[in-house]
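Residue strings, one per chain:
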Amino acid sequence: MMRTPLAQLAPAVTRVRTQWKGTLLPQTHAKNGWRNAALLGVASAGVAGGLSFVSCDKPWKQTLGSPVDSNLKVPHDKDLKIIGLEELRSHNNMEDGLWVSYHGHVYDVTNFAKIHPGGPGRIQMAAGSDLQKYFDVYHVHPDVSKFLDRTCLLGRLTAADAKRSYEETIFANPYENEPARNLQQTIATAPRWANLMGKYLLESFRTPIPGFYVRNHFPVPSWEDVEEEYEFEVLTASGGKSFKLKDLRPLPQITVEATMICGGAALYPRYLHRTDQRETWEKEEFPRNEINNNFWGSHAVWTGVKCRDVLRTCGVDVDGIALGEKPLPAKYLRLTGHDADETGSNFGVTIPLEKAIDPFGDVILAMTMNGEALPADHGFPVRVLVPGFAGVRNCKWLAKMELVDDLHESHVDTHTDEVIYPPDMNFEDDLAKVSLTGGSVQRAGRWEAKQDNSIFRVMEMPVHSSVIVPELHQTLRGAQLAQVLAEGLEVRGIALGGGGHRVARVDVSIDGGKSFTPAELDDHGMEKVHKRNYHWSWYFWSKKVPLTPEMKKQLQSGQTVELKVASRAMTEHGNTQPSRDDAVSLYNLVGNICNYQTHTPITLQPK
Ligand code: HEM
Ligand SMILES: Nc1nc2c(c(=O)[nH]1)N[C@H]1C(S)=C(S)[C@@H](COP(=O)(O)O)O[C@H]1N2
Ligand SMILES: [Mo]
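The structure presented is a predicted model; accordingly, all values stated were derived computationally and were not measured.

## Comments concerning the overall build of the protein
Inference 1: Along the backbone of the protein there are 18 helices and 28 strands.
Inference 2: Here the protein holds 607 residues, and the buried ones make up 55% of them.
Inference 3: Look at the contacts in the protein between residues 6 or more apart in sequence, and 76% of them connect residues 24 or more apart.
Inference 4: Here the protein has roughly 26400 Å² of accessible surface; of this, 52% comes from carbon and sulfur atoms.

Quick look at the structure:
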C-alpha cells in the first residue's frame, strides 16, 4: 500500500461560494463590441470597488474580526490586548475562526487561509497553534510577521504563553523520511525544491539522475517494494478504467529525449511579487534573487507508453480525433497526482487534450529516465511526460487522468508554477487587503483577477537561455586574463526553445546587452534524433567573445574592466527573450515564466 504522508490532520476547508454568477452585464449590452468593452471596464471596476456585495446571491461572510486596514500602524506590544492561550486554541476551525500565534503575536488568519499560496488546508492545520513550529519545517517561507502585523493582528500572548504556544504545538515533520538527495542549490527542503548548480549542468548533456532538479509541492509518496500495487485510473465519457503496472507493460514502449524546466522556479527572481522587492528591482539595486548562472531544468531520456495508446484502450478514438474526423470529446486532460498536502489536497494540473493525443506530441506515461526506473523524487512508478510544456504539467506519481472541459481546481493549479496573473495585481493590495477586509476572494485556494480573462495558465514554455560560464562575480587575472586578451572571453551556456521550437540562434553579449555576437550551438545530435521539427531538447552553446579595442586599451593601461555577460536565444520564429531592462514587464503576481536576459557581472583585473 502507498505510504500516506500523514494522517488527515484537518477537514478539507469549506469552499466559499463564488460571489457573483455569470456575466455582470445585462444581455442587451452585448451587441456593440466597442461599447461592450467599455462597459466591461466599468463593471469590473465596480466589482473591485466592492460592489460585488450587491450582485451576489449570498453575501460572503466575514467569519471573525472586523475589517483591517493593511496600512495600519502596528501598535507597540504594550498597547496590544492580551489574549489567553485557551482563547487562541479555541479558534481552530472555520466557524470560530482560525487564529495563530507567531513571535508572541496573535493573528486572525481565517480569511487569509483562502489566499494562502501554500493552500488553505495548511493554515487550517496550523490554526490555534504557533506558526514557528511549522516554519521550522517549511523553510520555503519568507518572513511573514510584518505582513501579518499589518493585516490581521488581534493582540498578544504573555511571554510565558508565547513560549508554551510554541513548545506545545506538536507537528510531526511529514518530510522527514524523504529520499536522500545531493543537489547543490536548494530553495527549500520541505517541500523539496532544489537543483544542480549551473556549472555542473554543462558536464553532461543528459543530467545524471542524482543531479536532476527536484520540484515537489508535497511529501513524496512511496511505492518502494510495493510497486505492483500502484494504480491509476482513467475517466472518460464511457466510464472509468484502472491501470496497474502489469497493464502498461504489454503496451508498446517509446523513448523520448526531453528537457524539463520549471515554469515557477526556473526563470525568475522568486520574490519579485513582493512589492518591497519590486521597488528594489526598479531602482536596479536588488538582485539577490536574480537567478544567474543557472538553469532550473534538466535533461533526460525517458521511456514509457504513449498517453494516446492508453486513452485508446479506454475507448477514446485518438486517431479519428487527431485526423479531425471526430470532434474533440473534451478540451483538457486533467492529471491528478497521488501526492497531497498534509490535509489531503492532491496535486493536479491540466493539459490540452490535443497535446495528449497528438501523434507527434510525444506525451508518454514515463516509467524510466536515463535507462533506470524513475526515482521516487521524479514520480516512481509512473509520471506523465509532456515535452515542451512547463515542468508543472509533467504530473508525477500519476493517480488519475480525466477528460474534462474545465481546468483543475487544485491550489497548485492557481498559485505556484502554473498561472500568470495580470500586471496590476499584487499580493498586498489585491489579495491580502481585499480578502482581509471582506472583499472579493471568491473561492478557497483561488485568486480571482478583476477580469477573469486576464488570467492564463502556462502551457508551453517560452524561449530561454542562461549563461553558465563565467560565474557570477568572477575575477579574471594573470594567465586567465592573458588568455582572454588573446582569444576572447569564453562564454558558455544552455538554451531551450520551449514548446518544442528549435533554437535558431543564441547571441552573446559582454557589455550588458549593448552589442551581441552569435554563439556556436551544440545540439548533441538531437536534430537527427527528434527527426521532426519538434525539438524537445536543450542546446549547449559557447563563444569566445573578443574584447573591444577600448577594453584592451583600458587593461593595457592597468585599468580594471567590468563586464556584464548576457545571452539571448531566438527560435526559428524569431521569438526571443526580453532584455534585462525590460524584466519588469514580465512582472506577475507569482513570478512565473520570467525569461529575461540575466546579466552576469565579472571583473577583468590587470593587476
Ligand atoms: C498564516 C501565516 C502564513 C502566511 C502569511 C504565509 C504566506 C505564504 C506566502 C506569501 C507564500 C508564497 C511564498 C513564495 O512563493 O514566494 C507561502 C507559501 C507556502 N506556505 Fe505559507 N504562509 C503562512 C502559513 C503557512 C503554514 C502554517 C504552512 C504549513 C503548515 C505553510 C506552508 C507553505 C508552503 C508549503 C508554501 C509553498 C507552496 C508551494 O510553492 O508549493 N504556510 N506562504
Ligand atoms: N504529482 C506531482 N507532480 C509534479 C509536481 C508535484 O509536486 N507533484 N511538481 C511539478 C513541478 S512544479 C515541476 S517543475 C516538475 C518537476 O519535476 P522533477 O522534480 O522530476 O524535476 O514536476 C511537476 N510534477
Ligand atoms: Mo515547476
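## Regarding unusual backbone geometry
As a rule of thumb, non-glycine residues mostly have phi less than zero, and peptide bonds are mostly trans rather than cis.
Inference 1: In the segment running from F380 into P381, the intervening peptide bond is cis, with an omega of 5°.
Inference 2: You can see P381 is positioned in the loop between β15 (372-373) and β16 (383-385).
Inference 3: In this model, V469 is joined to P470 through a cis peptide bond whose omega is 5°.
Inference 4: Structurally, the position occupied by P470 is in the loop between β20 (464-469) and β21 (475-476).
Inference 5: One non-glycine residue, N370, lies in positive phi territory at about 50°.
Inference 6: Residue placement: N370 occurs in the loop between β14 (364-369) and β15.

## Regarding the sheet that holds strand β22 (residues 489-496)
Inference 1: The strand order β20-β22-β26-β25 describes an open sheet built from 4 strands, whose pairing is antiparallel. The sheet is open, and its two edges are formed by β20 and β25 (520-522), each paired on a single side. The sheet shows a mean angle of 25° between the axes of neighbouring strands, direction not considered.
Inference 2: Of the strand pairs in this sheet, β22 and strand β26 (residues 539-545) are connected by 7 bridges, and their pairing is antiparallel. Bridge pairing in β26 links E490 to K544.

## What to know about the site of ligand 2
Inference 1: Taken together, the neighbourhood of ligand 2 is formed by 20 residues, with Y213, D339, H378, R383 and K396 sitting nearest.
Inference 2: Separating a nitrogen atom of ligand 2 from a backbone N or O atom of N394 is a distance of 3.0 Å.
Inference 3: In isolation ligand 2 has 530 Å² of accessible area, and contact with the protein removes 100% of it.
Inference 4: Among the secondary structure elements, those contributing two or more residues to the shell around ligand 2 are β7 (214-215) and β12 (332-340).
Inference 5: Along the lines of polarity and charge, the residues of the shell around ligand 2 split into 9 nonpolar, 6 polar and 5 charged.

## With respect to the pattern of salt bridges
A side chain of one charge can pair with a side chain of the opposite charge when the charged atoms of the two come close.
Inference 1: Under the defined criterion, the tally for this structure stands at 19 salt bridges.
Inference 2: The salt bridge partner of D317 is K326, with a shortest N-O separation of 2.6 Å.
Inference 3: D317 sits in the partly exposed class, given a relative accessible area of 31%.
Inference 4: On the accessibility criterion, K326 (43% relative accessible area) is partly exposed.
Inference 5: Between D507 and R568 there is a salt bridge, with the nearest N and O atoms lying 3.1 Å from each other. In this pair, D507 is assigned in strand β23 (residues 503-509) and R568 in strand β27 (residues 561-571), connecting sequence segments 61 residues apart.
Inference 6: Given a relative accessible area of 2%, D507 falls into the buried group.

## A few points about the environment of S557
Inference 1: Assignment of secondary structure puts S557 in the loop between α18 (549-556) and β27.
Inference 2: Here the alpha-carbon distance between S557 and P606, two residues 49 residues apart in the chain, equals 8.7 Å.
Inference 3: There is a polar contact of 3.2 Å between the side chain of S557 and the side chain of Q559.

## Focus on the pairing of strand β28 (residues 600-604)
Inference 1: Buried residues dominate β28, accounting for 4 of its 5 residues.
Inference 2: Two elements, β21 and β28, share 2 bridges in a ladder whose sense is parallel. Paired with L476 across the bridge in β28 is L604.
Inference 3: Bridge count for β27 against β28 is 5 bridges, and the pairing is antiparallel. Pairing of V565 across the sheet is with T600, part of β28.

## Focus: the sheet that holds strand β13 (residues 346-352)
Inference 1: Read from one edge of the open sheet, 5 strands run β9-β8-β17-β12-β13, paired in mixed fashion. Two strands close off the open sheet at either side, each with one partner strand: β9 (239-243) and β13. On average, each strand axis in the sheet is inclined to that of its neighbour by 15°, with strand direction left out of account.
Inference 2: Bridge count between β12 and strand β17 (residues 398-404): 6 bridges; the pairing is antiparallel. Counted as the bridge partner of T336 is K400 from β17.

## Overview of helix α7 (residues 159-167)
Inference 1: All of the buried residues in α7 are D161, A162 and S165. Angularly, the buried residues of α7 cover 105° about the axis, an arc narrow enough to put them on a single face. Away from its buried face by more than 90 degrees, α7 exposes A159, A160 and K163.
Inference 2: Summarising the contacts, the buried residues of α7 are in contact with α2 (85-90) and β2 (97-102).

## A look at the packing of aromatic side chains
Inference 1: With the rule as written, the count across this model stands at 13 aromatic pairs.
Inference 2: Relative to Y213, the ring of F212 has its centre 5.8 Å away and its plane inclined at 15°; by these criteria the two rings are stacked. The exposure classification of F212 matches that of Y213, with both residues buried.
Inference 3: Among the aromatic residues, those joined into a ring-pair cluster are Y134, Y138, F171 and Y175.
Inference 4: Note that K133 overlies the ring of Y166, its terminal NZ or CZ placed 4.3 Å from the centroid.
Inference 5: R568 extends its terminal NZ or CZ atom over the ring of F516, reaching a point 3.8 Å from the ring centre.

## Brief notes about the environment of P518
Inference 1: Relative to the assigned elements, P518 resides in strand β24 (residues 517-518).
Inference 2: Judged by relative accessible area, which is 43%, P518 ranks as partly exposed.
Inference 3: Through-space distance from the C-alpha of P518 to that of V545 is 9.3 Å; in sequence the pair is 27 residues apart.
Inference 4: For P518, the contacting residues outside a window of four places in its chain are R505, V506, D507 and K543.

Thresholds, definitions, all that
- Residues numbered from 1 in each chain as written.
- Chains lettered and ligands numbered in written order.
- Predicted model: local features only at pLDDT ≥ 70, side-chain atom pairs only at ≥ 80, totals over all residues.
- Heavy atoms only, no water.
- Helix = DSSP H or I, 4+ residues; strand = E, 2+ residues; numbered from the N terminus.
- Buried < 20%, exposed > 50% of the residue type's maximum accessible area, 1.4 Å probe, protein only.
- Contact = heavy atoms within 4.5 Å.
- Areas by Shrake-Rupley, 256 points an atom, 1.4 Å probe, with all protein chains shown as cover.
- Pairing = 2+ DSSP bridges.
- Axes fitted to C-alpha atoms, helices over the stretch in contact; angles between N-to-C directions.
- Near = heavy atom within 4 Å.
- Polar contact = N/O pair within 3.5 Å; in protein donor to acceptor, adjacent residues only side chain to side chain.
- Nonpolar A, V, L, I, M, F, W, Y, C, P; charged D, E, K, R; others polar.
- Salt bridge = Lys/Arg side-chain N within 4 Å of Asp/Glu carboxyl O.
- Arc of directions from axis to C-beta.
- Phe/Tyr/Trp six-rings, centres within 6.5 Å; stacked < 30°, edge-to-face > 60°.
- Lys NZ or Arg CZ within 6 Å of the ring centre and 35° of its normal.

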